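Take a look at the letters that make up each chain.
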Amino acid sequence: MLRENFDFSLSLLLFLVFTVSSVAALLMAAFTREDAFRAADKQTKPFWLIILGITVLVNLLIPMLFLSLLGLVATIVFFVDVRPATRQVSGGGKRRGGSSSDGPYGPYNGGR
């Protein structure tokens with residue numbers, strides 16, 4: 001009985017992790033600008049929307065571990081490779097403080 005509960009809990013945890021991560025990746029891809037994908041020299045936005053959409057559907061409709069693992073690989077590739085590149089290109093990188101008028105060599109004060 002304990003093993004059955006463990007197996008069910010593990011299956012539920014994997015389902016939640018796979019589904020939540022793939023939905024998050026799909027939403028991030030949907031809200032990223034199309035030109036950011038081209039500028040970062042990655043696959044197009046429709047490509048990633050299709051791949052991640054299929055991943056979400058597989059996780060929700062066909063609970064097969066092999067297919068879910070393939071979808072997890074696509075999700076991980078998006079999070080590790082595509083998302084950081086598109087964020088860097090679109091100016092969504094890490095800010096180190098300072099104001100929006102700071103230039104590369106310090107604050108811009110309008111020629112004063």
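Residues numbered from 1 in each chain as written. Predicted model: local features only at pLDDT ≥ 70, side-chain atom pairs only at ≥ 80, totals over all residues. Heavy atoms only, no water.

**Here we look at helix α4 (residues 65-89)**
We apply this condition: Labels follow the DSSP assignment, with helices taken as runs of H or I lasting at least four residues and strands as runs of E lasting at least two, numbered in each case from the N terminus. By definition here, a helix of n residues has an expected span of 1.5 Å times n minus one. Here the bend at a residue is taken as the angle between two axes, fitted respectively to the seven residues that end there and the seven that start there. Each residue's exposure class comes from its accessible area (1.4 Å probe, protein chains only) as a fraction of the maximum for that residue type: buried when under 20%, exposed when over 50%, partly exposed otherwise. Between two residues, a contact is recorded if the distance between any of their heavy atoms is within 4.5 Å.
Along its 25 residues, α4 runs 35 Å from first to last C-alpha, staying within 8% of the 36 Å computed at 1.5 Å per residue. In the structure, α4 departs most strongly from a straight axis at Phe 78, where the bend amounts to approximately 35 degrees. Taken residue by residue, α4 has Ser 68, Gly 71, Ala 74, Thr 75, Phe 78, Val 82, Ala 85 and Thr 86 as its buried positions. Against the buried residues of α4 lie α1 (2-31), α2 (34-39) and α3 (45-61).

**Regarding the environment of Ser 21**
By the element assignment, Ser 21 lies in helix α1. Dropping the residues within four chain positions of it, Ser 21 is found in contact with Leu 72, Thr 75 and Phe 79.

**Digging into α3**
Between the first and last C-alpha of α3 there are 24 Å, a value that for 17 residues agrees with the 24 Å anticipated at 1.5 Å per step. Residues Lys 45, Trp 48, Leu 52, Gly 53, Thr 55, Val 56, Val 58 and Asn 59 constitute the buried set of α3. Where α3 is buried, its residues contact α1, α2 and α4.

**Concerning the packing of α3 against α4**
Heads up, the condition is: Orientation is described by axes fitted as lines to C-alpha atoms, over the contacting stretch for helices, and by angles from 0 to 180 degrees between their N-to-C directions. Note on angle classes: values under 35 degrees are labelled roughly parallel, values over 145 roughly antiparallel, values of 65 to 115 roughly perpendicular, and the remainder oblique. Should the near helix be turned anticlockwise from the far one by less than a right angle, the crossing is left-handed, and should it be turned clockwise, the crossing is right-handed. For this classification, Asp, Glu, Lys and Arg are treated as charged, while Ala, Val, Leu, Ile, Met, Phe, Trp, Tyr, Cys and Pro are nonpolar and the rest, including Gly, are polar.
Axis separation between α3 and α4 bottoms out at 9 Å; the angle between their running directions is 140 degrees. Compared by their axis directions, α3 and α4 come out oblique. Where α3 crosses over α4, the handedness of that crossing is left-handed. Contact residues: Trp 48, Ile 51, Leu 52, Thr 55, Val 58 and Asn 59 in α3; Leu 67, Ser 68, Gly 71, Ala 74, Thr 75, Val 77, Phe 78 and Val 82 in α4. Within the contact of α3 with α4, the residues separate by chemical class into 9 nonpolar, 5 polar and no charged.

**Notes on the confidence of the model for the protein chain**
Threshold: Note on scores: pLDDT gives the predictor's confidence for each residue, bounded by 0 and 100.
Mean pLDDT for the protein chain: 86, with 82% of residues reaching 70 or above. Considering each helix and strand of the protein chain separately, the mean pLDDT is smallest for strand β1 (residues 102-103), with a value of 63, and largest for α3, with 95.

**Overview of a nonpolar patch on the surface**
Under the convention used in this document: Distance thresholds for patches are 9 Å for like charges and 5 Å for nonpolar side chains (Val, Leu, Ile, Met, Phe, Trp, Tyr), applied to residues having over 30% relative accessible area and no salt bridge. Using a 1.4 Å probe, the Shrake-Rupley method yields the accessible areas, and only the shown protein chains count as cover for residues. Salt bridges are identified by distance alone: a Lys or Arg side-chain nitrogen within 4 Å of an Asp or Glu carboxyl oxygen.
A surface patch of nonpolar side chains, amounting to about 880 Å² of accessible area, comprises Phe 8, Leu 12, Phe 15, Leu 16, Leu 57, Leu 60, Leu 61, Ile 62 and Met 64. Of all the elements in the fold, those that place two or more residues in the nonpolar patch are α1 and α3. Considering every element that reaches the nonpolar patch, the biggest residue donor is α1, with 4 residues. Here Leu 12 shows up in helix α1. According to the relative accessible area criterion, Leu 12 is partly exposed, its value standing at 41%.

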